[in-house]
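# Overview (structure and organization)
So the chains spell out like this:
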Amino acid sequence: MIMPAATRRHDERGIALVTVLLLLVLTSTMLAGFLSMVSTDARLRGVDRTRTQAFYAAHAGLEKLTADLGDLFATDFSPEPDELETLEGQPPDLESVSFAADDGLGYDIAFTPDANGNPAADVATIETGPYQGLRSLKTPYTLTVTARMADGAEARLRRTMNTVSIPVFQFGVFSETDLSFFAGPNFSFGGRVHTNGNLFLASGATLTLSDRVTALGEVVRTHLSNGWSTNSGYTGTVRAITAPGAYRNLARTEGSLVESLGSAENEPTWTNLSIGTYNGNVRNGRTGARELALPLLTVGGSPIDIIRRPVPGEEVLITEQRLFAQASIRILLSDTADAIVGLPDVSPGTVDLSTLATAQAGGYVGTVPPALSSGVAADGYRSDPNTPLIGGQLKVEYRDNAGTWRDVTAEILNLGFSRRNIDADPNVCAELHPNAILRLQRMRETPAANAPCGVDGAGVPSANAFDYWPLALYDTREGTYRDNNPVNNDNDMWVTGVMHYVELDVNNLRRWLAGEIGASGPNVANEDGFVVYFSDRRGNRDAGGSETGEFGFEDFVNRNNGAGLPDSSLETGEDVNGNGALDVYGGVPVVPPGATGPLNAAATPRSQVTMSVARVNRPIFFRRALKIVNAALGSLPADGLTLVSENPVYVEGHFNANAAGFGPGYAPAAIIADAVTLLSADWSQPAVINGPPGPPTQQTWHGDTRSFLYPNNPARRRAATTWYRFAVIAGKGPSFPQVAGTAQDFGTDGGIHNFLRYLESWSGRTLNYRGAMASFYFNRQAVGTYKCCQNVYSPPTRGYAFDTDFLDPTLLPPKTPMFRDVNTTGFTLITR
């Protein structure tokens, strides 16, 4: 049926209306969906934004916690829980962020506790990298930071990290500065070798490097450190390991430089050799070697600070890293009391050695007086009568288990401080003070009464102050500028070589610590052994009147003068403290009342002296030292002993060993000093020696006396085979260009084979040494250049070996310095 048009239009209008309504519904639905999507997206973006903010807040907190922990490690590598809790209470202050979590891990440092509740350290072996194989003390920590925003969004980050300590003495040889090997005979010390400077490798025969070798600088085969070409005199073999038990010769053309220092890098030959042929066992900075630094450097100090007294007003972080602060016993001497008691944590009171007057309760009560000058010129005195010969202020103190420093100066002095007549028969003249720990003077060669011992029938030593002399020896290396003096010219002896020393009796120290003598020893804090710190600054003044701990006379190279006489110009090798100036204040004499020549105000370090004058007067230049005696096997504290000296050290006789060798019963031991000189077992024994050419004479002389009698003739200072077992840290001299007319090794530091110094003729004798050798600084007091072999010494047969016991951290000497590092081992984002 055909509908009328009007009806059709009416129906179409209804359909259109429905369509419009449907479209409106659809549009509304789409709009609602779109609005919902936009709203949801906005909400999601808001959530994402707050999550991102929480993540970055957590990251900021984790970085702060890591940095704070690193700062703490810089001063205390074994922090206690309360120190860690302090860090946990110091999160960053960020707006609308809280570092909190229901499980307590909002800002947290976790560790595995040991038996005392402190972070436990494990002995671990470094498994990769250039120091693979070294054993370290590793302490793991887990840092967790949770950041919570105001809207509840959270982010949690976790970092795992280890603090790693590498003991210095796990290296056979370590050097902060350039390191040299160039022994004439075969030389194989053993142990790891590392230098933060350049490494010079040469040999007159065969050098064997039996463990990994790393140098931050260059590995040089073509020259010695003084520029001498190894084409002449050093054409021997250098053997380095390629794998355990396997060696390959490193040719002169195979160093990291093509020629000498300053030449082009030997690439790609060097890298191929270092990483390929030698399998990473010989590296330099270009092939993976890293710098190893003491914590002292990371807190703003310098390496020499390890043996120095603190500087007034310095950062506590530096003071705490000094062995001065870590010691268990301190022996301090200065011209004034203020220079001692003004140091951090030093107990009150000192003893005036010129009178032995003390403000301490129970002061010195002995009968032996301090040495005085008689003023008699015929006896060698060059000062007024009654001038003190061992003056200055003395402080001896110990740290107890509570960390309190307690004065024991008078107690130590009451054990005695004088030695017998060393030139008399020891079977006739016994020690004046057999229990003395410190000796400051000795009975003169010819006492006024009861000669030769100066002791009456009742065994009481002389009370005559003129019967005592200072303790002194002549060090030819320090006294002469060149090794070219006639050996029989005994008149060529210079005042700068006269070293005045304090004697430390190690066996009596052990007895005191054990309570066998004295009273206070058992109260000394035993921290896996004992550390004795020694510093003698009497006579040490710069132009401003301040103590420096340095000799202060650097004019000793002088290349343009055949005799090496001072020329007042700064040359390579003279600026030992690196201040850019030629220091000469140490050449200004400090003279006693009534001083006459050659020890008057006109004296210079080059002034000549005779034995009769040199050994009876007090020093006019800063020439102070420590001599270690009676330290044979069984004489050290069983738990270990580290001896630290700001001054040069002389080790007399067997140390931690005996004439039978390195036997059982030894103790972990170290000597850390400005320089270390080994005196043989015969030094302490009077020897019968023929006189100079002419009618033969027979006389017994102790080594101290022989050093004055024969200052230029080591053949008259004969050594005996001797055994030494200790690790050593000491200074050495900077290298300078070889001087025309001198030995080919003059201008070097003597090389590692001469790092331990000698003053005797060791020809035909063996020097047996077992330990580890490290150098962090240039000598500041024993600045005499290396020289051999006419006047100073003749070399021994070197029975040198690395002490592999040091690879066990439980057998290290007390307070062994550590290289420290913080290693991140993991990083995790934990979804919250």
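These notes cover the structure that comes with them. This one's a predicted model, so the numbers in the text were calculated from it and none came from an experiment.

Rules used throughout
- Residue positions are counted from 1 within each chain, in the order its sequence is given.
- Residue-level local features of this predicted model are given only where pLDDT is at least 70; pairs of side-chain atoms are given and counted only at 80 or more, and the full residue set underlies all totals for whole chains, interfaces and linings.
- Processing note: side-chain calculations cover all non-hydrogen atoms of the structure and skip hydrogens and water entirely.
- For the purposes of this entry, the term helix denotes a DSSP run of H or I that reaches at least four residues, the term strand denotes a run of E that reaches at least two, and both are numbered from the N terminus.
- For every residue, the accessible area (1.4 Å probe, protein chains only) is compared with the maximum for its type, and the residue is labelled buried under 20%, exposed over 50%, or partly exposed between those bounds.
- Any two residues whose heavy atoms approach within 4.5 Å at even a single point are treated as in contact.
- If DSSP finds at least two bridges between two strands, the strands pair.
- Helix axes are fitted to C-alpha atoms over the stretch in contact, other axes to C-alpha atoms as well, and angles between N-to-C directions run from 0 to 180 degrees.
- Whenever a nitrogen or oxygen atom comes within 3.5 Å of another N or O atom, the pair is scored as a polar contact, on the condition that within protein one atom can donate a hydrogen and the other can accept it, and that pairs from neighbouring residues in sequence are kept only if both atoms are in side chains.
- Only one rule defines a salt bridge in this text: a Lys or Arg side-chain nitrogen within 4 Å of an Asp or Glu carboxyl oxygen.
- The term nonpolar core refers to a set of buried residues drawn from Ala, Val, Leu, Ile, Met, Phe, Trp, Tyr and Cys, joined through side-chain atoms within 4.5 Å.
- Here a Phe, Tyr or Trp ring, Trp counted by its six-membered ring, pairs with any other such ring whose centre lies within 6.5 Å, and the pair is stacked when the planes are under 30 degrees apart, edge-to-face when over 60, and tilted otherwise.

## As for the environment of S568
You can see S568 is positioned in the loop between β27 (530-536) and α11 (611-614). A relative accessible area of 65% places S568 in the exposed class. A C-alpha to C-alpha distance of 9.5 Å links S568 and D583, two positions 15 residues apart in sequence. Once residues within four sequence positions are removed from consideration, S568 is found in contact with D555 and L582.

## Observations regarding the sheet that holds strand β10 (residues 206-209)
One open sheet holds the three strands; their spatial order is β10-β13-β14, and the pairing between them is mixed. Pairing within the sheet leaves two strands with one partner each, and these edge strands are β10 and β14 (246-249). With strand direction ignored, the average angle separating the axes of adjacent strands in the sheet is 30 degrees. In terms of strand pairing, strand β13 (residues 237-243) meets β14 through four bridges, oriented antiparallel. Across the sheet, the residue bridging to I241 is Y247, located in β14.

## Digging into the pairing of strand β6 (residues 171-175)
Counting buried positions over the five residues of β6 gives five, a clear majority of the element. Two strands pair when backbone bridges link them, and β6 and strand β8 (residues 192-195) are joined in this way by four bridges, in the parallel orientation. If you follow V173 over to β8, its bridge partner there is V193. Here β6 pairs with strand β39 (residues 773-775) via three bridges, running parallel. Bridging from a neighbouring strand, S175 pairs with S775 of β39.

## With respect to helix α10 (residues 506-513)
With six of eight residues buried, α10 lies mostly within the body of the structure. Within the sequence span of α10, burial applies to V506, N508, L509, R511, W512 and L513. For α10, the capping residue at the N-terminal end is D505, with a side-chain oxygen 3.2 Å from the backbone nitrogen of N507. One or two positions beyond α10, positive phi appears at G515, with a value near 85 degrees.

## Quick look at the pattern of salt bridges
The full count for this structure, using the stated rule, is 42 salt bridges. As a salt-bridge pair, K64 and D68 come within 2.8 Å of each other at their nearest N and O atoms. Of the two residues, K64 and D68 both sit in helix α1 (residues 5-75), four residues apart, roughly one turn of that helix. Taking relative accessible area as the criterion, D68 reaches 17% and is therefore assigned buried. Residues R308 and E550 are paired through a salt bridge, measuring 2.5 Å at the closest nitrogen-oxygen approach. Taken together, the residues R308 in the loop between α4 (295-298) and α5 (316-321) and E550 in the loop between β27 and α11 connect sequence positions 242 residues apart.

## Side note on the nonpolar core
The biggest cluster of nonpolar side chains holds 142 residues, and the ones touching the most others in it are F181, W512, I628, F655, V676, F726 and Y769. With five residues, the top contributor of residues to this core is β27. Counting residues in hydrophobic clusters, the runner-up holds 28 residues, among them V498, V613, A614 and I620.

## So, the packing of aromatic side chains
Under the counting rule described, the total for this entry stands at 25 aromatic pairs. An angle of 85 degrees between the planes, with centres 5.7 Å apart, marks the rings of F182 and Y234 as edge-to-face. A residue pair is termed long-range when its members are at least 10 positions apart, and F182 in the loop between β7 (179-181) and β8 and Y234 in the loop between β12 (219-220) and β13 qualify at 52 residues. An identical accessibility class is assigned to F182 and Y234; each is buried. Taking 5.0 Å as the distance between ring centres and 65 degrees as the angle between the ring planes, the aromatic pair formed by Y758 and Y793 counts as edge-to-face. A residue pair is termed long-range when its members are at least 10 positions apart, and Y758 in strand β37 (residues 757-758) and Y793 in the loop between β39 and β40 (797-802) qualify at 35 residues.

## So, the sheet that holds strand β9 (residues 199-201)
The strand order across the open sheet built from three strands is β7-β9-β12, with neighbouring strands paired in parallel fashion. Of all the strands in the sheet, the pair left with one neighbour each is β7 and β12. Relative to β12, β9 runs parallel, the two sharing two bridges. Each bridged residue has a counterpart across the sheet, and for F200 the counterpart in β12 is V220.

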